[in-house]
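Read off the chains here:
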Amino acid sequence: MRPGATISAALAWLFAAGAASAQTLTIGVAAPLSGPSAILGKQIQAGAGHAAETNGVELKTLDDACTADGGAAAARDFAAAKVNVVVGFLCTDAIEAAMPILKDANIPVITVGVRTESLTDRRGKTGWPVYRLGPRGDDERNAVASTLTRLWQNALFAIIDDGTIYGREIAETFRAAAEQAALKPVFVDTFRPQLDNQIGLVGRLKKAGATHVFAGGDGDDIAIMARDAAQLQASIVFAGGENLRTPPGDVPYATGTLMIAPPEWADVADPKVLESFAAQKIVPDGYTLPAYAAVEIAKAATALSETSGRPLTEALTGHDFTTAIGPIRFDAKGDLSQSPYRVFRFDGTRFVPLESN
């Protein structure tokens, strides 16, 4: 072979080797694209898809159907395709069936919607490389307890619940936290939900001297309580959890009503990202922005892993990631290092962040 041909062949080999080492990042997207949760799965698909176009990554999107069989099938396909990271998953059954397969394939997962506490609490036993880009199941009640114990330390407060598992757990967590802080509610009770009026309950609250009331229940019930308190000329501030995010029925929320909940992601998102969503005619609601952020994190963590020479799971743990929905950091278990819950106050039109947050 002539020298020129030899040099050309060597350059061609070097180019091919460089191209191979700079392969496009491939991210798996697991979402329920069929069945009753398909509308939410489409949000994940849209958000991740837009992020992939913006960040120059490839996607392999599969329908996990929100079932164990669907999750396991998707995981096997992701493993066969040798994707680098998987994002998505909304349902516990699907992700719990997928994780053993993805763990064996050394593929970490960033879930945008599964709140089941044991998913990360059992990490020491399962070794599942899963990271939660959203609240845990106990984050809401813990946020209510810590926030209201701080805000109402000098208030005459009451704690009531609607008798459901949700209502009882959140109310009891607050009551226990108040007791540890040497605070005692002036009134504790279980109310009957879905009544046309709560005059009797409000009368008892007024008689007990309550000026602030946390109600573990639905927004409709809290709206009715506040209306009836105004009719009885009882000056009471009502508070609830993220159930108040749902618009009330015929009775509007009273001005001053407090809600402890995560923010609407579109309210805190990067304006430039929102502009890009609008340009693509993508509505930034539900899981679209978290899915977008998950792809951003996957790309940044992969780059960090490559430059540091450390496993991707180490790159995902204990590092700050800049995303469309703000800074994100995962703790050693894979949960968010900071709770996303904040206090919001109803201003007569919508819930706005409380200045003291």
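Residues numbered from 1 in each chain as written. Predicted model: local features only at pLDDT ≥ 70, side-chain atom pairs only at ≥ 80, totals over all residues. Heavy atoms only, no water.

**Q** What's the story with the overall build of the protein in this structure? I'm lost.
**A** Tallying secondary structure elements over the protein gives 14 helices and 14 strands in all. When the backbone C-alpha atoms are referred to their principal axes, the protein occupies close to 100 × 45 × 40 Å. Contacts in the protein between residues far apart in sequence, at least 24 positions, make up 66% of those at least 6 positions apart. Element-wise, carbon and sulfur atoms account for 52% of the exposed surface of the protein, whose accessible area totals about 17200 Å². Charged side chains in the protein number 32 positive and 40 negative. The centres of these two groups are separated by 3 Å. (Helix = DSSP H or I, 4+ residues; strand = E, 2+ residues; numbered from the N terminus. Contact = heavy atoms within 4.5 Å. Areas by Shrake-Rupley, 256 points an atom, 1.4 Å probe, with all protein chains shown as cover. Lys, Arg positive; Asp, Glu negative; His and termini not counted. Charge placed at Lys NZ, Arg CZ, Asp CG, Glu CD.)

**Q** What am I meant to see in the state of the cysteines here?
**A** By definition, a disulfide is the covalent link that joins the sulfur atoms of two cysteine residues. Throughout the structure, instances matching the rule amount to 1 disulfide. The disulfide that involves cysteine 66 links it to cysteine 91, with 1.7 Å between the sulfurs. On the sign convention where negative is left-handed, the bridge of cysteine 66 and cysteine 91, at about 55° about the S-S bond, is right-handed. Within this pair, whereas cysteine 66 is found in the loop between strand 2 (58–63) and helix 3 (68–81), its partner cysteine 91 is found in the loop between strand 3 (85–88) and helix 4 (92–104), the two being separated by 25 residues in sequence. Look at cysteine 91 and you get buried, because its relative accessible area is 17%. (Disulfide = S-S within 2.5 Å. Buried < 20%, exposed > 50% of the residue type's maximum accessible area, 1.4 Å probe, protein only.)

**Q** Hey, could you run me through helix 10 (residues 219–231) in this one?
**A** Because each turn of an α-helix spans 3.6 residues, side chains separated by three or four positions in sequence point in the same direction. Its 13 residues place the ends of helix 10 19 Å apart at the C-alpha level, agreeing with the 18 Å of an ideal helix rising 1.5 Å per residue. Within helix 10, burial applies to Gly219, Asp221, Ile222, Ala223, Ile224, Met225, Ala226, Asp228 and Ala229. Considering only its buried residues, helix 10 is in contact with strand 6 (157–161), helix 9 (199–208), strand 8 (212–216) and strand 9 (237–240). Directly after helix 10, the chain includes glutamine 233, whose backbone phi takes a positive value near 55°. (Expected span 1.5 Å × (residues − 1).)

**Q** Sorry if this is basic, but what is going on with the pairing of strand 11 (residues 320–323) here?
**A** When a strand is regular, its side chains alternate between the sheet's two faces. Of the two faces of strand 11, the one lined by Phe321 and Thr323 is fully buried and the one lined by Asp320 and Thr322 carries no buried residue. Sheet analysis places strand 11 next to strand 12 (residues 326–329), joined by 4 bridges and oriented antiparallel. For threonine 323, the partnering residue across the bridge sits in strand 12 and is glycine 326. (Pairing = 2+ DSSP bridges.)

**Q** I keep staring at the sheet that holds strand 1 (residues 26–31) and nothing clicks. Help me out?
**A** Two strands in a sheet stick together by hydrogen bonds in their backbones, pointing the same way (parallel) or opposite ways (antiparallel). Across the sheet, 5 strands lie side by side as 2-1-3-4-5; this open sheet has parallel pairing. Whereas interior strands pair on both sides, the edge strands pair on one side only; in this sheet they are strand 2 and strand 5 (130–132). Looking at each pair of strands side by side, their axes are set apart by 20° on average, direction ignored. As paired elements, strand 4 (residues 109–111) and strand 5 share 3 bridges and run parallel to each other. The residue bridging valine 109 from the neighbouring strand is valine 130, located in strand 5. Relative to strand 2, helix 3 is tilted by about 155°, and along the sheet it contacts strand 1, strand 2 and strand 3. Of the strands in this sheet, strand 1, strand 3 and strand 4 are in contact with helix 13 (residues 288–308), which crosses strand 3 at around 160°. (Axes fitted to C-alpha atoms, helices over the stretch in contact; angles between N-to-C directions.)

**Q** Explain the packing of helix 3 against helix 4 to me, please; I cannot follow it from the model alone.
**A** The packing of two helices is summarised by the inter-axis angle and the distance between the axes. At a closest axis distance of 7 Å, the pairing of helix 3 and helix 4 adopts a crossing angle of 30°. Here helix 3 lies roughly parallel to helix 4, going by the angle between them. For the pair helix 3 and helix 4, the sense of crossing is right-handed. Residues Ala68, Gly71, Ala72, Ala75, Arg76 and Phe78 of helix 3 pack against Asp93, Ala94, Ala97, Ala98, Ile101 and Leu102 of helix 4. Among the residues making up the contact of helix 3 with helix 4, the classes are represented as 9 nonpolar, 1 polar and 2 charged. (Parallel < 35°, antiparallel > 145°, perpendicular 65-115°, else oblique. Left-handed = near helix turned anticlockwise from the far one by under 90°. Nonpolar A, V, L, I, M, F, W, Y, C, P; charged D, E, K, R; others polar.)

**Q** Teacher, can you tell me more about the nonpolar core here?
**A** Side chains that are nonpolar tend, in soluble globular proteins, to be buried together. Ranked by size, the top nonpolar core spans 59 residues in total, and within it Val86, Phe89, Leu102, Ile110, Leu133, Leu316 and Phe330 carry the most contacts. Broken down by element, this core gets its largest block of residues, 9 residues, from helix 13. Excluding residues that lie within four positions of it along the chain, valine 86 makes contacts with Gly28, Ala30, Phe78, Leu102, Ile107, Pro108, Val109 and Ile110. (Core = buried A, V, L, I, M, F, W, Y, C linked by side-chain atoms within 4.5 Å.)

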